[in-house]
Amino acid sequence: MELRRDVFQAIADPTRRAIIALVAFQAMTPSAIAEQFDSSRQTISKHIQILTECELLKQEQSGREILYHFNPKKMKEIADFIEPFRELWDDRFNKLEAMMKKYKPKK
Amino acid sequence: MERKTKVNAQEGKHDITITREFELPVELLFKAHVEPELFEEWMSHEYGKTKVLKFDTKKHGSWLFHTTDASGNVVFQANGTIHDFVENRKITRTFEMDNTPFDVQLEFLEFEALTEDTSKLTMHVIYRSVELRDQHLKMPFEWGMNLAHNRLQEIVTKLKLQP
């Protein structure tokens with residue numbers, strides 16, 4: 001079964017978060033990224049693939065090499081992802097407040 | 001006075017804090033959390049009606065509620081137990097959604113009087129893992145999508161029934 005790749009899955013992993021932090025600082029080749037970690041190149045390359053699939057990283061051809069860039073637009077999406085949850089509670093609490101302002105004790 | 005609901009969720013952590021200030025005396029804010037009819041009202045919305053099945057609001061008590069759609073189908077059910085209960089001050093409870101992959105979460109609700117007529121609620125919610133927390137935070141999206149899917153399903157079913 002093909003795993004669904006999304007931004008939230010991507011940042012759940014500490015190695016992937018470390019890769020984002022590295023690449024956010026400067027665009028890097030896959031081997032330069034892999035050198036920063038103890039894990040095997042294959043493992044790091046899998047992580048890079050996941051980050052690219054969910055658009056947190058962008059590829060750019062530079063001569064014979066591929067450079068990976070960080071995509072800040074996608075990160076903004078993560079910052080925004082709690083907004084619907086916040087609105088859900090805000091709606092509930094607005095309702096609670098309006099309701100209790102009109103509240104008259106029975107008896 | 002800050003009347004906006006705030007959600008504090010730090011990256012990589014497995015808890016969140018929801019805070020909100022109300023133009024209500026703390027007694028009324030608390031009442032809305034413990035009286036079944038009141039709770040049902042503010043937890044219902046246009047596409048789902050909340051019904052309390054059990055609301056034993058005391059230490060070692062338990063609770064159960066569900067939400068039904070317009071046709072009366074149960075679309076959401078949640079339950080939990082109450083661990084600590086201090087009138088107008090504090091409710092410590094667990095919260096578990098039935099038939100979902102989410103594990104139980106621990107909730108600390110603190111009620112605070114700011115003035116005679118204003119109050120503050122602080123909800124500290126602890127999840128089993130960072131992943132579960134993030135999935136739960138995303139749920140309004142997915143829930144909305146499921147509702148849209150259900151509506152689509154309804155339309156398609158109706159179309160099929162037509163000769």
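Residues numbered from 1 in each chain as written. Chains lettered and ligands numbered in written order. Predicted model: local features only at pLDDT ≥ 70, side-chain atom pairs only at ≥ 80, totals over all residues.

1. With respect to the packing of helix α2 (residues 14-25) of chain A against helix α4 (residues 41-53) of chain A
To characterise two packed helices, one gives the angle between the axes of the helices and the distance between these axes. Residue and element names in this part refer to chain A. One way to put it is that α2 packs onto α4 with a least axis distance of 10 Å and a crossing angle of 70°. Here α2 lies roughly perpendicular to α4, going by the angle between them. Each of Thr-15, Arg-16, Ile-19 and Ile-20 in α2 lies in contact with α4, whose residues at this interface are His-47, Ile-48, Ile-50 and Leu-51. (Axes fitted to C-alpha atoms, helices over the stretch in contact; angles between N-to-C directions. Helix = DSSP H or I, 4+ residues; strand = E, 2+ residues; numbered from the N terminus. Parallel < 35°, antiparallel > 145°, perpendicular 65-115°, else oblique. Contact = placed C-beta atoms within 7 Å.)

2. Quick look at the pairing of strand β2 (residues 65-70) of chain A
Pairing analysis gives six bridges linking strand β1 (residues 57-62) of chain A to β2(A), with the strands arranged antiparallel. The residue of β2(A) that forms the bridge with A:Leu57 is A:Phe70. (Pairing = 2+ DSSP bridges.)

3. Some points on the sheet that holds strand β5 (residues 74-86) of chain B
All names here are of chain B. On the basis of which strands lie adjacent, the open sheet formed by eight strands has the order β1-β2-β8-β7-β6-β5-β4-β3 and antiparallel pairing. Two strands in the sheet have a free side with no partner beyond their single neighbour: β1 (6-8) and β3 (49-55). Averaged over all pairs of adjacent strands, the angle between strand axes in this sheet comes to 20°, irrespective of strand direction. Both β5 and strand β6 (residues 90-97) contribute to a ladder of six bridges, which runs antiparallel. Bridge pairing in β6 links Ala-78 to Met-97.

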